[in-house]
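Architecture and fold: a report
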Amino acid sequence: MAEPVKLAVLLSGGGTTLENIFSKIEEGSLDANVTVVIGSRPDAYGLERARNHSVEAVVVERKKFESTESFSAALNTTLDEYDVDLVCLAGFMVMWDMSQKYLGRVMNIHPALIPAFCGKGYYGHSVHRAVLQYGARVSGCTVHFADRAYDHGPVIIQKVVPVLDDDTPETLAARVFEKECEAYPEAIQLFAEGRLKIEGRRVRILPKNEAGA
Ligand code: GAR
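Here is a short report on the structure shown in this document.

The rules behind the values
- Numbering of residues starts from 1 in every chain and runs along the sequence as written.
- The model is predicted, so local features are restricted to residues of pLDDT at least 70 and side-chain atom pairs to those at 80 or more, both for listing and for counting; the totals for chains, interfaces and linings are taken over all residues.
- Hydrogens are left out, water is left out, and the side-chain values use all remaining heavy atoms of the structure.
- Under the scheme used here, helices are H or I runs from DSSP no shorter than 4 residues and strands are E runs no shorter than 2 residues, and both carry numbers assigned from the N terminus.
- Only protein chains enter the accessibility calculation, which uses a 1.4 Å probe. A residue is then buried if its area is under 20% of the maximum for its type, exposed if over 50%, and partly exposed in between.
- A contact between two residues is defined here by any heavy atoms of the two lying within 4.5 Å.
- Nearness of a residue to a molecule or strand requires only that one of the residue's heavy atoms be within 4 Å of it.
- Here a polar contact is taken to be a pair of N or O atoms separated by no more than 3.5 Å, where protein atoms must pair a possible hydrogen donor with a possible acceptor and residues adjacent in sequence count only if both atoms sit in side chains.
- Using a 1.4 Å probe, accessible areas were evaluated by the Shrake-Rupley method; residue-level cover was limited to the displayed protein chains.
- Any residue outside Ala, Val, Leu, Ile, Met, Phe, Trp, Tyr, Cys, Pro, Asp, Glu, Lys and Arg is labelled polar, Gly included; the first ten of those are nonpolar and the last four are charged.
- The working definition used for a salt bridge is a side-chain nitrogen of Lys or Arg within 4 Å of a carboxyl oxygen of Asp or Glu.
- A helix's residues, less one, multiplied by 1.5 Å, set its expected span.

Thoughts on the environment of methionine 95
With respect to the helices, strands and loops of the structure, methionine 95 is situated in the loop between strand E4 (86-89) and strand E5 (106-110). On the basis of relative accessible area, methionine 95 is assigned to the partly exposed category, the value being 23%. Between the C-alpha atom of methionine 95 and that of arginine 62, which follows or precedes it by 33 residues, the distance is 9.3 Å. Setting aside its immediate chain neighbours within four residues, methionine 95 contacts Thr68, Phe71, Ser72, Arg148, Ala149 and Tyr150.

This is how it looks when you write it as structure tokens:
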């Protein structure tokens, strides 16, 4: 059997998505190891969650850098210290200009159906509030390869949920998060199996027997 895929998880907040990744690894449905968790704020609770799972937690604090360039250079250097296969953004709320070597090896999850309700300023409950204000009938989540723009790169998986008449941002968030908990591990597992092939903006999901061919 192939080695588990080695992950770096980048976050800025509570780490609910990180916790889901840990659960899926521990129950055996995700063939991965979290090598390091990197936080953009020292008070991000996700760092605590990493330590609770005996995973190294590192801070590269955005506030300590004057520009996206200097922050990105520090983050790229920190990441280079760990030999990871895939970088997972998990509520990582700052702009990162990834070095060339990470292109195609960084995933993000967004709690809406990209390209709707995404981009700068759209995160957490602000996304669900915007969906309700707009009156959309469906929402969902998107896992995509990240590029150098917010919520932008090629889409890997999207899952849809209904928006109900009496939804609040909280009830909609909970329904979407259930789908996030399925979608992100599925996308990581496909990557681990070598089954994701980027073709421009599209991602082809290879059948199991074609992977690595
Ligand atoms: C996740 O639900 C993810 O969809 C969202 O942050 C949450 C995790 O945050 N990401 C975005 O909105 C990215 N634009 P947490 O670590 O605070 O629980």
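A look at the site of the ligand
In the vicinity of the ligand lie 16 residues, with Gly14, Gly15, Thr16, His110 and Glu180 positioned nearest. Between the ligand and glycine 15 there is a distance of 2.6 Å, counted from an oxygen atom to a backbone nitrogen or oxygen. About the coverage of the ligand: the protein hides 86% of its 450 Å² of free accessible area. Put simply, the parts of the chain that give the shell around the ligand at least two residues each are helix H1 (16-27) and E5. Within the shell around the ligand, the residues separate by chemical class into six nonpolar, eight polar and two charged.

So, the pattern of salt bridges
This model, assessed by the stated rule, comprises 15 salt bridges. Put simply, lysine 64 and glutamate 61 hold a salt bridge, and the shortest N to O gap is 3.4 Å. The class for lysine 64 is exposed, based on a relative accessible area of 66%. Judged by its relative accessible area of 17%, glutamate 61 falls in the buried class. Here arginine 137 ties to aspartate 165 by a salt bridge, and the two come within 3.0 Å at their closest N and O atoms. Residue arginine 137 is located in the loop between helix H4 (125-134) and strand E6 (138-145), and its partner aspartate 165 is located in the loop between strand E7 (155-162) and helix H5 (169-192); the two are separated by 28 residues in the primary sequence. Residue classification places arginine 137 among the exposed residues on the basis of a relative accessible area of 60%. Residue classification places aspartate 165 among the exposed positions, given a relative accessible area of 71%.

Section: H1
With 12 residues, H1 extends 17 Å between its outermost C-alpha atoms, agreeing within 8% with the 16 Å of an ideal straight helix rising 1.5 Å per residue. Every buried residue of H1 is accounted for by Thr17, Leu18, Asn20, Ile21, Phe22 and Lys24. Turning to H1, the residues buried within the fold contact strand E1 (5-11), strand E2 (32-39), helix H2 (45-52), E5 and H5. With its phi angle positive at about 90 degrees, glycine 28 sits one or two positions after the end of H1.

Regarding unusual backbone geometry
Isoleucine 114 connects to proline 115 through a cis peptide bond whose omega is 15 degrees. With respect to the helices and strands, the residue proline 115 is situated in the loop between E5 and H4. If you check the backbone angles, serine 54 has positive phi at about 60 degrees while not being a glycine. The backbone phi angle of aspartate 151 is positive, close to 50 degrees, even though this residue is not glycine. You can see aspartate 151 is positioned in the loop between E6 and E7.

Shape is all these values report; function is a separate question.
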